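One-letter residues, chain by chain:
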Amino acid sequence: MVGATARAGSLCSVPPVPSAPRLADVLAALDALWPPERAEQWDAVGTVCGDPDAPVTRVLFAVDPVQDTADEALRLGADLIVTHHPLYLRGTTTVAASTFKGRVVHTLIKNGIALHVAHTNADSADPGVSDALAGALDLRVVRPLVPDPTDPAGRRGLGRICELDRPATLRDFAARVAHRLPATAQGIRVAGDPDALVRTVAVSGGSGDSLFDQVRAAGVDAFLTADLRHHPVSEATQHSPLGLVDAAHWATEWPWCEQAAAQLDEISDRHGWDLRVHVSKTVTDPWSAHHSSGAPN
């Protein structure tokens, strides 16, 4: 009887066979990671298309919801794409396939592929887009650059203040960025003294030249972001010796895809879901070539 009881107990301990979750289950998990109510008011986050009751077996994370991403999901057999950038940020009156965004929608719906967006709600999350950027560069995150006042722990917010593992020149730090981030036509641009020593860095995935006041107030040695424009950079270099490192927008946000995929993988394992999570390697940065001009005299 003891042996029979032991055998029965061992049978009861057999883990359940993994099953595919419904889209609604996966979306609930994603909304818990990046609550839509934490997005900026102007933003367009959440689910663009998809049947809540459809099973999901493969998920593809990507930065941009463009046709190349939809085609990649189709080749992969993905049931869900999660992108950082919205498809319709400013709204629309048509999803006709004669428009490039409408063609994306038609491709997704015809092939039963859902699309979900986590944008500024992922920027300010803990961990968020800038945490992933810092992690790609082996930087130690100290605190948010612009803290979320609704977070009593003081961990959420835009951008991150970071420390290097050891001091480096601005030139060497920029080389680290070029080596660690995905390659793009733009490469890495630098403003400031290349030989200046960098110990602390502010990082902000995506466009960050609206954050110069907060970066200067933080007293860091350098600022890594994307989409820096002439006039803000010119003014910033006149204000202080702050070093500026400008990478491609897509490249600064792509590390979040790997971070987000790992988060969903962990949730899938915890729930016993039969789910495969993938990260797009397709470079959707819009710039396709770069030619260096002659060195200044």
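Residues numbered from 1 in each chain as written. Predicted model: local features only at pLDDT ≥ 70, side-chain atom pairs only at ≥ 80, totals over all residues. Heavy atoms only, no water.

Asker: How should the overall build of the chain be read in this particular structure?
Answerer: Along the chain, the regular secondary structure elements total ten helices and eleven strands. For the C-alpha atoms alone, the extent of the chain along its principal axes is close to 85 × 60 × 35 Å. Evaluated residue by residue, the chain yields a buried proportion of 46% over its 297 residues. Taken as a whole, the chain presents about 15300 Å² of accessible surface, with 53% of it coming from carbon and sulfur. Averaging the positions of the 25 positive and the 36 negative side-chain charges in the chain gives two centres separated by 3 Å. (Helix = DSSP H or I, 4+ residues; strand = E, 2+ residues; numbered from the N terminus. Buried < 20%, exposed > 50% of the residue type's maximum accessible area, 1.4 Å probe, protein only. Areas by Shrake-Rupley, 256 points an atom, 1.4 Å probe, with all protein chains shown as cover. Lys, Arg positive; Asp, Glu negative; His and termini not counted. Charge placed at Lys NZ, Arg CZ, Asp CG, Glu CD.)

Asker: Would you mind showing me how to read unusual backbone geometry here?
Answerer: Backbone geometry follows two general trends: most residues other than glycine have a negative phi, and most peptide bonds adopt the trans configuration. A cis amide bond, omega 0°, links Asp126 with the succeeding residue Pro127. In this fold, Pro127 is placed in the loop between α5 (120-123) and α6 (129-136). Even without a glycine there, the phi angle at Asp138 is positive, about 55°. Inspection of the secondary structure puts Asp138 in the loop between α6 and β5 (140-147). Notably, Asp227 is not glycine yet its phi reads approximately 60°, a positive angle. Note that Asp227 resides in the loop between β9 (222-226) and α9 (230-239). Judged by its relative accessible area of 34%, Asp227 is partly exposed.

Asker: So what exactly am I meant to see when it comes to the sheet that holds strand β4 (residues 114-117) here?
Answerer: Sheet strands associate in pairs through backbone hydrogen bonding, adopting either a parallel or an antiparallel arrangement. Spatial strand order, β1-β4-β3-β2-β11: five strands in an open sheet with mixed pairing. Lying at the two open borders of the sheet, with one neighbouring strand each, are β1 (46-49) and β11 (276-279). Each strand of the sheet is rotated relative to its neighbour by a mean of 25°, with strand direction disregarded. Note that β1 and β4 share three bridges and pair antiparallel. (Pairing = 2+ DSSP bridges. Axes fitted to C-alpha atoms, helices over the stretch in contact; angles between N-to-C directions.)

Asker: Just to check I follow, could you spell out the nonpolar core for this structure?
Answerer: Generally speaking, nonpolar side chains in soluble globular proteins are found buried as a group. Counting residues in each nonpolar core, the largest one holds 51 residues, and the members touching the most others are Trp34, Phe61, Leu80, Leu224 and Trp256. Counting residues per element, this core draws most heavily on helix α10 (residues 249-271), at nine residues. Dropping the residues within four chain positions of it, Leu80 is found in contact with Leu23, Val26, Leu30, Val56, Arg58, Val59, Leu60, Ile113, Ala114, Leu115 and His116. Core analysis: the next-biggest nonpolar cluster, separate from the first, contains 14 residues, Leu145, Ile161, Ala191 and Val220 among them. (Core = buried A, V, L, I, M, F, W, Y, C linked by side-chain atoms within 4.5 Å. Contact = heavy atoms within 4.5 Å.)

Asker: Just to check I follow, could you spell out α6 for this structure?
Answerer: Working note: α-helix, 3.6 residues per turn, so residues spaced by three or four point in the same direction. Counting buried residues in α6 gives six out of eight residues, a clear majority hidden from the surface. Along α6, the residues that are buried comprise Val129, Ser130, Asp131, Ala132, Leu133 and Ala134. The positive-phi residue at the C-terminal boundary of α6 is Asp138, with phi of around 55°.

Asker: Before we go on, may I ask you to explain helix α2 (residues 23-33) in this structure?
Answerer: When α2 is considered as a whole, its buried residues turn out to be Leu23, Val26, Leu27, Ala29 and Leu30. Along the long axis of α2, the arc covered by the buried residues comes to 160°, so they all point the same way. Against the buried residues of α2 lie β1, β3 (80-83), β4 and α10. (Arc of directions from axis to C-beta.)

Asker: Explanation requested: the side chain of Ser268 in the structure shown.
Answerer: Along the chain, Ser268 turns up in helix α10. Residue class for Ser268 comes out buried when judged on its relative accessible area of 1%.

Asker: Would you take a moment to explain the pattern of salt bridges for this structure?
Answerer: Where charged atoms from two side chains of opposite charge come close, those side chains can pair. Tallying each qualifying case throughout the model produces 16 salt bridges. The partner of Asp195 in a salt bridge is Arg171, with the nearest N and O atoms 2.6 Å apart. Highlighted residues: Asp195 in the loop between β7 (189-191) and β8 (197-207) and Arg171 in helix α7 (residues 170-180), separated in sequence by 24 residues. Residue class for Asp195 comes out partly exposed when judged on its relative accessible area of 49%. Among the ionic pairs, Asp246 bridges to Arg189, the shortest N-O distance being 2.6 Å. You can see Asp246 sitting in strand β10 (residues 243-247) and its partner Arg189 sitting in strand β7, a full 57 residues away along the chain. With relative accessibility at 3%, the residue Asp246 sits in the buried group. Under the relative-accessibility criterion, Arg189 is labelled partly exposed at 45%. Within the structure, one salt-bridge network assembled from shared partners comprises Arg22, Asp25 and Asp53. (Salt bridge = Lys/Arg side-chain N within 4 Å of Asp/Glu carboxyl O.)

Asker: Would you explain the packing of α2 against α10 in this entry?
Answerer: Relative to each other, α2 and α10 sit at 125°, their axes nearing to 11 Å. When the axis of α2 is compared with that of α10, the two are oblique. Considering how the two elements wind past one another, α2 and α10 form a crossing that is right-handed. Taking contact as the criterion, the partners of Val26, Ala29, Leu30 and Leu33 in α2 are, on α10, Gln263, Leu264 and Ile267. Along the lines of polarity and charge, the residues of the contact of α2 with α10 split into six nonpolar, one polar and no charged. (Parallel < 35°, antiparallel > 145°, perpendicular 65-115°, else oblique. Left-handed = near helix turned anticlockwise from the far one by under 90°. Nonpolar A, V, L, I, M, F, W, Y, C, P; charged D, E, K, R; others polar.)

Purely geometric stuff here, so don't read any function into it on its own.
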